[in-house]
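Now for the letters of each chain:
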Amino acid sequence: MPEYTALAVVSVVLTVLAERFWLRTGVFRTAKYWLAMAIVFFFQVLVDGWLTKLSAPIVIYDEAQTTGVRIPWDVPVEDYLFGFSMVTLTILLWVRLGRSPEEVDR
């Protein structure tokens, strides 16, 4: 497995394990979390697609370090994994450090 891909997968696994066994916020069971992730995903496709488009890339990846799978609009699949980890860990820590999922809406 290429290095960037392996690190992306590890980031997701560690984030999920952190929620399951350490933080235990319960956000994975809320519709608000999944709605927030859908919104993040939408904008990630737009921005990441523009940054990584193969026709005129701004960000260039070493293809030997990725799977080479790019969906949609030339976005490396690994970027979605890192995006999930980054946003999810931020939400988990936010909730764990004193805000309940209901308070995040306010």
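Everything discussed here concerns the structure shown above.
Everything numeric here is computed off the predicted structure, so don't read it as measured data.

1. Considerations on the overall build of the protein chain
The number of helices and strands found in the protein chain is four helices and zero strands. Secondary structure elements of the protein chain occur, N-terminal to C-terminal, as α-α-α-α. Overall, the C-alpha framework of the protein chain stretches about 45 × 30 × 20 Å when taken along its three principal axes. When each of the 106 residues of the protein chain is scored for burial, the buried share is 32%.

2. What about the packing of helix α2 (residues 31–52) against helix α3 (residues 77–96)?
One can describe the packing of α2 onto α3 by two numbers: an axis separation of 10 Å at closest approach and a directional angle of 140°. Taken together, the axes of α2 and α3 are oblique relative to one another. Between α2 and α3 lies a crossing whose hand is right-handed. Judged by residue contacts, Tyr 33, Met 37, Val 40, Phe 41, Gln 44, Val 45, Asp 48 and Thr 52 of α2 engage Asp 79, Tyr 80, Gly 83, Phe 84, Val 87, Thr 88 and Ile 91 from α3. Looking at side-chain class alone, the contact of α2 with α3 contains nine nonpolar, four polar and two charged residues.

3. Quick notes on the nonpolar core
Val 12, Ala 18, Leu 23, Val 27, Tyr 33, Met 37, Phe 84, Val 87, Leu 92 and Val 95 together form the largest nonpolar core, which totals ten residues. Elements with a minimum of two residues in this core: α1 (3–23), α2 and α3. It is α3 that provides the largest number of residues to this core, a total of four residues.

Basis of the calculations
- Residues numbered from 1 in each chain as written.
- Predicted model: local features only at pLDDT ≥ 70, side-chain atom pairs only at ≥ 80, totals over all residues.
- Heavy atoms only, no water.
- Helix = DSSP H or I, 4+ residues; strand = E, 2+ residues; numbered from the N terminus.
- Buried < 20%, exposed > 50% of the residue type's maximum accessible area, 1.4 Å probe, protein only.
- Axes fitted to C-alpha atoms, helices over the stretch in contact; angles between N-to-C directions.
- Parallel < 35°, antiparallel > 145°, perpendicular 65-115°, else oblique.
- Left-handed = near helix turned anticlockwise from the far one by under 90°.
- Contact = heavy atoms within 4.5 Å.
- Nonpolar A, V, L, I, M, F, W, Y, C, P; charged D, E, K, R; others polar.
- Core = buried A, V, L, I, M, F, W, Y, C linked by side-chain atoms within 4.5 Å.

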